[in-house]
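A look at the structure
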Amino acid sequence: MGISFVRQGLKHLKEVGTITRSSSFVSKMMVKKAQIKDAKFILELGAGDGAITQHILMLCKKDARLMIFEVNRSFANN
């Protein structure tokens, strides 16, 4: 997904917001700061290729609800 992410980022920069995916370190820190482990409902806007989503899923409660919205068709179809 790496090259595809860069292509989508360059082609739709205003939509995607970046040309590189979030690193594992950045993803972990974002999820930690968001206090995901205490959340009952989580909303992720612009999930991209799921770099942050996978960290949310690792930390959230089993009964937490996660809603993900993606407007980029290439990312949404994967």
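Residues numbered from 1 in each chain as written. Predicted model: local features only at pLDDT ≥ 70, side-chain atom pairs only at ≥ 80, totals over all residues. Heavy atoms only, no water.

1. Considerations on the overall build of the protein
- A count of helical and extended segments in the protein gives five helices and two strands.
- Its helices and strands in sequence order give the protein the pattern α-α-α-β-α-β-α, from N to C terminus.
- Relative to the compact-globule value of 12 Å for 78 residues, the protein shows a C-alpha radius of gyration of 13 Å, a close match.
- Every one of the 78 residues in the protein was classed for burial, and the buried ones make up 28%. (Helix = DSSP H or I, 4+ residues; strand = E, 2+ residues; numbered from the N terminus. Rg over C-alpha atoms; globule rule 2.2 N^0.38 Å. Buried < 20%, exposed > 50% of the residue type's maximum accessible area, 1.4 Å probe, protein only.)

2. What about the side chain of histidine 55?
- With respect to the helices and strands, the residue histidine 55 is situated in helix 4 (residues 53–59).
- Excluding residues within four positions of it along the chain, histidine 55 makes contact with Ser24, Ser27, Lys28 and Val31. (Contact = heavy atoms within 4.5 Å.)

3. Quick notes on the nonpolar core
- Within the largest apolar cluster, eight residues are counted, these being Val31, Ile36, Ala39, Ile42, Ile52, Ile56, Cys60 and Ala64.
- Residue contacts for isoleucine 42: discarding those within four places in its chain leaves Ile36, Ile56, Cys60, Ala64, Arg65, Leu66 and Met67. (Core = buried A, V, L, I, M, F, W, Y, C linked by side-chain atoms within 4.5 Å.)

4. Side note on a nonpolar patch on the surface
- The grouping of Phe41, Leu43, Leu45, Met67 and Phe69 at the surface amounts to a nonpolar patch, some 520 Å² of accessible area in total.
- Elements supplying a minimum of two residues to the nonpolar patch: strand 1 (41–45) and strand 2 (65–69).
- Considering every element that reaches the nonpolar patch, the biggest residue donor is strand 1, with three residues. (Patch = residues over 30% accessible without salt bridge, like charges linked within 9 Å, V, L, I, M, F, W, Y side chains within 5 Å. Areas by Shrake-Rupley, 256 points an atom, 1.4 Å probe, with all protein chains shown as cover. Salt bridge = Lys/Arg side-chain N within 4 Å of Asp/Glu carboxyl O.)

5. Side note on the pairing of strand 2
- As paired strands, strand 1 and strand 2 are joined by five bridges and run parallel to one another. In the sheet register, phenylalanine 41 faces strand 2, and the bridge partner there is arginine 65.
- Read as a crossover between parallel neighbours, the route from strand 1 over helix 4 to strand 2 is right-handed. (Pairing = 2+ DSSP bridges. Right-handed = clockwise from strand over helix to strand, strands pointing away.)

6. Overview of unusual backbone geometry
- Of note in this structure, glutamine 35 is not a glycine but carries a positive phi near 55 degrees.
- When you line up the elements, glutamine 35 lands in the loop between helix 3 (24–33) and strand 1.

7. Some details on the environment of glycine 48
- Of note, glycine 48 is situated in the loop between strand 1 and helix 4.
- In this structure glycine 48 comes out as buried when scored by relative accessible area, which is 17%.
- Counting along the chain gives 11 residues from glycine 48 to leucine 59, while the straight-line C-alpha distance between them is 19 Å.
- Apart from the residues lying within four places of it in its own chain, the contact partners of glycine 48 are Phe5, Glu70 and Phe75.

8. Here we look at the environment of isoleucine 19
- Of note, isoleucine 19 is situated in the loop between helix 2 (13–16) and helix 3.
- Linking isoleucine 19 and glycine 9, residues 10 residues apart in sequence, is a C-alpha distance of 4.2 Å.

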